[in-house]
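Coordinate inspection notes
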2 protein chains.
Amino acid sequence: MKIRLFQFNPIVGDLVENTNRMIEAVKNAKSDGISMILFPELAVCGYPPMDLLERPSFVETSLEMNRRLALAADGISVIWGSISKNVDKPGRPLYNSLYMAENGRITTVAHKTLLPTYDVFDEFRYFEPAHEFVVKEWNGIKLGFSICEDLWYNDNEYHRYTVNPAQELKSLGADWLVNISASPFSKYKPNQRLEMLLRHCDEEQLPILYVNQVGANTEIIFDGDSMILNADGRIVERSELFTENYIDAAWNSDKKKFESVTQSKPKPFCDEERQFKALVLGLKDYIKKSGISEKVILGLSGGIDSALTATIAVEALGKENVIGVTMPSHYSSSGSVDDSVSLAEKLGITIHKLPIKSIYDSISHVLEPLFKGTAFNVAEENIQSRSRGILLMSLSNKFGYLVLNTGNKSEMAVGYCTLYGDMAGGISVLSDLYKIEVFAMSKWLNESYFKREVIPWNTITKPPSAELRPDQKDSDSLPEYEILDGILKAYIEEKATVDSILSLGYDSATVKRVVRLVDLNEYKRRQAPPGLRISSKAFGIGRRLPIVQKWTHVQLNSLILND
Amino acid sequence: MKIRLFQFNPIVGDLVENTNRMIEAVKNAKSDGISMILFPELAVCGYPPMDLLERPSFVETSLEMNRRLALAADGISVIWGSISKNVDKPGRPLYNSLYMAENGRITTVAHKTLLPTYDVFDEFRYFEPAHEFVVKEWNGIKLGFSICEDLWYNDNEYHRYTVNPAQELKSLGADWLVNISASPFSKYKPNQRLEMLLRHCDEEQLPILYVNQVGANTEIIFDGDSMILNADGRIVERSELFTENYIDAAWNSDKKKFESVTQSKPKPFCDEERQFKALVLGLKDYIKKSGISEKVILGLSGGIDSALTATIAVEALGKENVIGVTMPSHYSSSGSVDDSVSLAEKLGITIHKLPIKSIYDSISHVLEPLFKGTAFNVAEENIQSRSRGILLMSLSNKFGYLVLNTGNKSEMAVGYCTLYGDMAGGISVLSDLYKIEVFAMSKWLNESYFKREVIPWNTITKPPSAELRPDQKDSDSLPEYEILDGILKAYIEEKATVDSILSLGYDSATVKRVVRLVDLNEYKRRQAPPGLRISSKAFGIGRRLPIVQKWTHVQLNSLILND
């Protein structure tokens with residue numbers, strides 16, 4: 001009896017096409033002699049469908065797709081995730097459900113119990129939790145059904161759940177734990193996921209079938225990492241990360257364990273490679289699934305952020321689809337243009353040179369009557385950044401290229417970036433990577449991945465500069481990145497208080513200034529492009545703060561002390 | 001025994017100052033001979049605090065503020081909303097609570113039962129629902145406590161609740177229904193709210209004390225509309241909308257009813273006036289509470305959107321704090337500049353004239369090598385719009401003015417607007433008003449509110465035009481606004497399917513095109529400024545859609561038909 005876990009990459013909302021692709025996979029599985037094929041959580045609509053779930057025709061069409069999938073379960077059993085309607089109970093109008101079909105009809109619908117409603121998750125906005133646990137007999141085996149968070153019941157920092165679905169299923173006599181997931185990638189997620197599954201092997205002493213979505217939908221990236229474990233915790237099969245694929249295992253009913261069929265041997269990735277592959281997939285799927293353009297364009301400043309963004313874009317889309325533009329101003333060093341040209345050569349991409357001096361001068365001339373007598377300040381700096389934004393957007397509008405935003409998480413955090421200038425773009429590639437991580441990934445790419453100088457070493461080693469005024473360095477206005485990023489990581493990912501950040505040994509004035517800058521710059525981030533999420537707390541849909549608010553750690557600590 | 005409802009306008013996160021202002025109000029009430037004063041839901045932290053609730057020092061400081069408020073309850077009873085910690089039960093870490101203090105200490109903490117998690121609300125993200133209902137005896141009267149949504153149990157389209165808290169409180173012997181709220185304004189909300197309260201009078205036959213937050217926090221506007229009703233449904237006191245104030249009533253224990261003390265007589269508002277006052281308050285609070293600038297700047301195009309925005313700004317901030325800029329291009333009619341100058345004169349505001357022709361020419365010159373041989377298209381249109389955006393942002397950066405965005409809901413819906421161009425700004429004033437509502441409000445202002453021509457009649461009567469190419473009219477690319485806005489309202493507010501919109505009698509191709517434009521332009525709206533919310537479904541934090549998604553009514557309807 002062979003089981004297949006199909007690590008599926010759906011497009012959100014593409015109900016008919018997702019379903020057709022799943023039916024195709026069912027047919028192939030059947031001809032491969034598979035007895036049961038499993039697809040991830042919400043495979044029919046893709047995850048996360050967000051407020052599309054509020055549209056009645058979306059719901060009705062999803063239900064129609066479930067019926068079609070059931071018809072395909074002919075000589076093979078099929079399990080997949082989709083929505084179902086809550087018709088008989090009070091509460092929300094929908095369930096997040098696991099469907100099982102046999103002999104052309106749906107034989108089981110089991111609902112998700114634990115509904116994540118934190119960070120990027122909003123499941124209580126749409127779904128009613130399950131009111132009962134479902135164990136279903138299939139070929140003499142009792143399948144215990146769960147969906148994603150149901151297995152993570154005690155692993156998140158936000159919610160202490162009252163019930164452990166795996167234990168409930170065990171107590172109902174389950175022989176296997178079956179889990180369909182849409183569990184997003186973040187830096188440490190694959191290890192956390194394996195630990196979580198091994199803990200269940202330990203606690204429930206049952207084999208686990210775990211099938212996860214792969215691919216990216218807008219900002220959220222799914223790594224997949226589907227796996228089959230035996231009750232003793234041995235991994236029988238484990239999917240390659242970041243690709244649509246399947247793993248098969250055969251059930252040995254005498255030994256009560258699975259045996260490997262596909263002999264999957266996923267490549268081991270180091271931290272940098274995992275993040276790099278995630279960003280490549282995130283960008284590739286954004287472009288492919290949105291279908292707006294095959295080509296992307298980005299400004300090359302000679303700095304490391306744009307260099308790494310271009311490198312990721314070439315890996316994701318091919319060099320023929322990436323166009324660089326160098327846009328020197330009065331304050332650009334000749335080295336910046338040279339480094340950009342050198343990068344473009346090494347990547348094999350087209351580069352255009354569009355100097356912005358004349359644009360800057362014409363804008364300054366128009367503003368002269370009002371600016372007369374004022375000192376050069378951030379206004380003049382931003383005119384340069386915004387002139388570049390206009391040029392990139394003009395090329396986007398004229399030729400249909402998508403503009404890539406090249407900002408990193410450190411500058412997004414403290415607002416060291418210009419709205420409508422270097423913050424322009426359709427998708428932000430590095431906005432969840434701190435500057436020190438940008439450096440680390442760039443070095444790793446040269447040294448270990450490409451094993452040659454793709455990102456010019458000069459770009460990696462020179463001091464970072466925005467080059468918006470003479471001899472400017474990032475370190476003129478910001479702490480050194482080692483310090484800045486340490487404080488930011490504690491404040492953003494770990495939600496540390498000022499006091500606990502200080503206890504790490506940072507300078508008090510620096511910590512208070514950084515924390516205050518993060519809070520004050522919420523207004524900029526609200527207008528930022530969506531950014532690929534690869535940490536446990538990215539800016540964007542998973543971090544929701546009011547723009548107008550007077551609370552900061554700093555203000556309050558001092559108010560309370562002085563009070 | 002006199003009761004005071006204090007319709008409070010807190011600043012989100014300004015815990016210490018909000019508390020100090022509440023304590024001041026408690027002292028004043030005491031010297032006015034008041035026995036009990038009530039403040040709204042989450043009065044200590046302001047609503048909505050969003051992810052500030054995840055910060056441990058924010059939580060601890062809120063609890064400290066509760067203790068301070070309790071100390072002020074000296075010779076007067078005080079009821080207010082604040083957070084409390086869930087220490088003993090599984091679930092979320094916090095409750096949304098009602099506090100009551102007497103004789104210097106907290107005597108009751110009652111939690112919210114029904115937690116709205118739809119539209120702009122995310123309460124399940126932070127709060128655990130109440131596990132019991134609380135009736136508290138006070139001077140021989142049994143107070144039945146509830147918080148906001150608890151009284152709206154069967155009024156929203158998203159969630160059929162299992163329990164009706166008002167009936168539970170009645171069955172526990174409550175003599176009064178006490179409700180503290182943070183219930184946002186939307187166009188029909190005051191009437192809906194009164195109907196809801198009257199239904200409770202009818203069902204529970206109890207007097208109601210209803211105190212609501214007033215003021216705006218980022219995009220959400222609270223109208224207040226606090227009131228005191230007797231069991232027979234008679235309104236004893238009702239607060240003036242859109243201002244911080246209080247209402248007092250005296251309890252006649254013989255007659256078992258409240259009697260008016262403050263003799264409040266709120267002005268009756270028509271639909272336009274209510275929306276106008278809401279926007280004025282929304283803008284005023286955004287500016288005042290963010291504390292970034294006293295002055296605002298906006299582009300005056302000669303069109304109706306910028307004219308109405310400027311008028312609202314003058315009403316909110318005073319004419320000395322509003323600066324207009326007219327920025328004619330090659331395609332601007334002389335009438336546009338004249339209308340802008342005429343508007344500025346009538347409003348008494350400063351206007352600067354900054355022609356963008358030379359900027360447009362310098363940008364075009366830089367792009368010439370790449371644009372050579374291509375036809376004039378949206379790229380050239382957007383260069384004009386973005387040149388204006390740069391000028392406004394430059395003045396903002398130089399002088400600290402906040403840029404007002406002037407876009408309306410119709411153009412935001414279909415993407416008839418330019419990212420980083422006319423979509424620039426710190427706050428969007430009209431983004432929840434359809435174009436026909438912009439016209440109606442402008443006419444009403446001239447005819448009924450100002451009773452003189454403030455917005456030039458020529459601006460109101462001429463055909464709308466973006467003036468980005470020769471002789472352009474909005475109607476060249478969009479359906480007439482009567483039709484467009486009818487379709488948009490059905491699709492966005494009423495979540496109607498294409499079929500049901502068609503049944504309203506609109507042309508099929510037009511409906512499909514409009515619906516598709518709304519779906520496709522999600523990427524633009526994701527980068528839009530926050531906009532003041534005055535409808536039941538505004539763009540922004542209460543409408544969450546994936547950018548990359550393939551589902552549209554149109555696609556699916558046709559796929560299913562062809563399938």
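This one's a predicted model, so the numbers in the text were calculated from it and none came from an experiment.

Parameters at a glance
- Residues numbered from 1 in each chain as written.
- Chains lettered and ligands numbered in written order.
- Predicted model: local features only at pLDDT ≥ 70, side-chain atom pairs only at ≥ 80, totals over all residues.
- Heavy atoms only, no water.
- Pairing = 2+ DSSP bridges.
- Helix = DSSP H or I, 4+ residues; strand = E, 2+ residues; numbered from the N terminus.
- Contact = heavy atoms within 4.5 Å.
- Buried area = accessible area lost by both parts, 1.4 Å probe.
- Salt bridge = Lys/Arg side-chain N within 4 Å of Asp/Glu carboxyl O.
- Polar contact = N/O pair within 3.5 Å; in protein donor to acceptor, adjacent residues only side chain to side chain.
- Nonpolar A, V, L, I, M, F, W, Y, C, P; charged D, E, K, R; others polar.
- Least-squares fit on C-alpha atoms with pLDDT ≥ 70 in both.
- 1 Å grid on protein atoms, 1.4 Å probe; cavity = no way out; pocket = protein on both sides within 12 Å on 5 of 7 lines; lining within 4 Å.
- Points joined across faces, edges and corners; volume = space filled by probe spheres on them.
- Expected span 1.5 Å × (residues − 1).
- Buried < 20%, exposed > 50% of the residue type's maximum accessible area, 1.4 Å probe, protein only.
- Axes fitted to C-alpha atoms, helices over the stretch in contact; angles between N-to-C directions.
- Parallel < 35°, antiparallel > 145°, perpendicular 65-115°, else oblique.
- Domains from an automatic or database assignment.

All names here are of chain B. With respect to topology, 5 strands assemble into an open sheet ordered β18-β17-β16-β19-β20, the strand pairing being parallel. Two strands bound the open sheet, and with one partner strand each, they are β18 (350-353) and β20 (427-428). In this sheet, strand β19 (residues 402-405) lies alongside strand β16 (residues 296-299) in parallel orientation, the contact comprising 2 bridges. Note on β19: the bridge partner recorded for Ile-297 is Val-403.

A word on the interface of chain B and chain A. Each partner contributes residues to the interface: chain B has 104 residues there, and chain A has 104 residues. For the pair chain B and chain A, the two sides together bury roughly 9300 Å², of which 61% comes from carbon and sulfur. At the junction of chain B with chain A, the criterion picks out 10 salt bridges. The interface formed by chain B and chain A contains 48 residue pairs in polar contact (both at pLDDT 80 or more). Those elements giving two or more residues to the side of chain B that touches chain A turn out to be α1 (15-31), α2 (56-72), α5 (271-290), α8 (357-371), α9 (378-399) and α18 (553-562) of chain B. Looking at the side of chain B that touches chain A residue by residue, the classes come out as 54 nonpolar, 26 polar and 24 charged.

In this section: the relation of the copies chain B and chain A. If you rotate chain B by 180 degrees and push it 0.0 Å along the axis, it lands on chain A with an RMSD of 0.0 Å. What the rotation and shift describe, once combined, is the action of a two-fold rotation axis. Rotation axis and chain B: the residue whose C-alpha lies nearest the axis is Gln-527 of chain B, separated from it by 2.1 Å. An overlap of 100% is found between the interface residues of chain B and their copies at the interface of chain A, pointing to a shared contact surface.

This paragraph deals with empty space enclosed by the protein. All chains considered together, the criterion is met by 11 cavities of 30 Å³ or more. Quantified by volume, the largest cavity comes out at close to 830 Å³. Lining the largest cavity are 41 residues, with Arg-526 and Ile-541 of chain A together with Arg-526, Gly-540 and Ile-541 of chain B positioned closest to its centre. Each residue belonging to the lining of the largest cavity can be placed in one class, and the counts come to 18 nonpolar, 8 polar and 15 charged.

This part is about α9 of chain B. All names here are of chain B. The terminal C-alpha atoms of α9, which comprises 22 residues, lie 31 Å apart, in line with the 32 Å expected from a rise of 1.5 Å per residue. Of all 22 residues that make up α9, 19 are buried, and the element is covered over most of its length. One side-chain oxygen at the N-terminal end of α9 lies 2.7 Å from the backbone nitrogen of Ala-379; it belongs to Asn-377. Taken from the residues just after α9, Gly-400 is the one with a positive phi, measuring 80 degrees.

Residue and element names in this part refer to chain A. As a packed pair, helix α5 (residues 271-290) and helix α11 (residues 435-449) sit with axes 10 Å apart at the nearest point and diverge in direction by 100 degrees. The pairing of α5 with α11 is recorded here as roughly perpendicular in orientation. The segment α5 lies against α11, with Glu-272, Glu-273, Gln-275, Phe-276, Lys-277 and Leu-279 engaging Ala-440, Met-441, Trp-444, Leu-445 and Tyr-449.

Attention now moves to the sheet that holds strand β7 (residues 141-147) of chain B. Residues and elements named next belong to chain B. The mixed open sheet is built from 6 strands, whose spatial order is β6-β7-β8-β9-β12-β13. Strands at the two margins of the open sheet, each flanked by one partner only, are β6 (135-138) and β13 (235-238). Within this sheet the neighbouring strands show an average axis-to-axis angle of 20 degrees, counted without direction. Note that β6 and β7 share 4 bridges and pair antiparallel. Within the sheet, the bridge partner assigned to Glu-137 lies in β7 and is Lys-142.

All right, on to the domain arrangement of chain A then. Residue and element names in this part refer to chain A. Along its sequence, chain A is carved into domain 1 (2-261) and domain 2 (272-476). Placing a centre on the C-alpha atoms of domain 1 and another on those of domain 2 gives a separation of 40 Å. Taken together, the contacts link 15 residues of domain 1 with 10 residues of domain 2. Across the domain 1/domain 2 interface, buried area totals approximately 1100 Å², and carbon plus sulfur atoms make up 66% of it. Contact with domain 2 buries surface across domain 1, with Lys-187, Ala-216 and Phe-242 losing the most and accounting together for 43% of the total.

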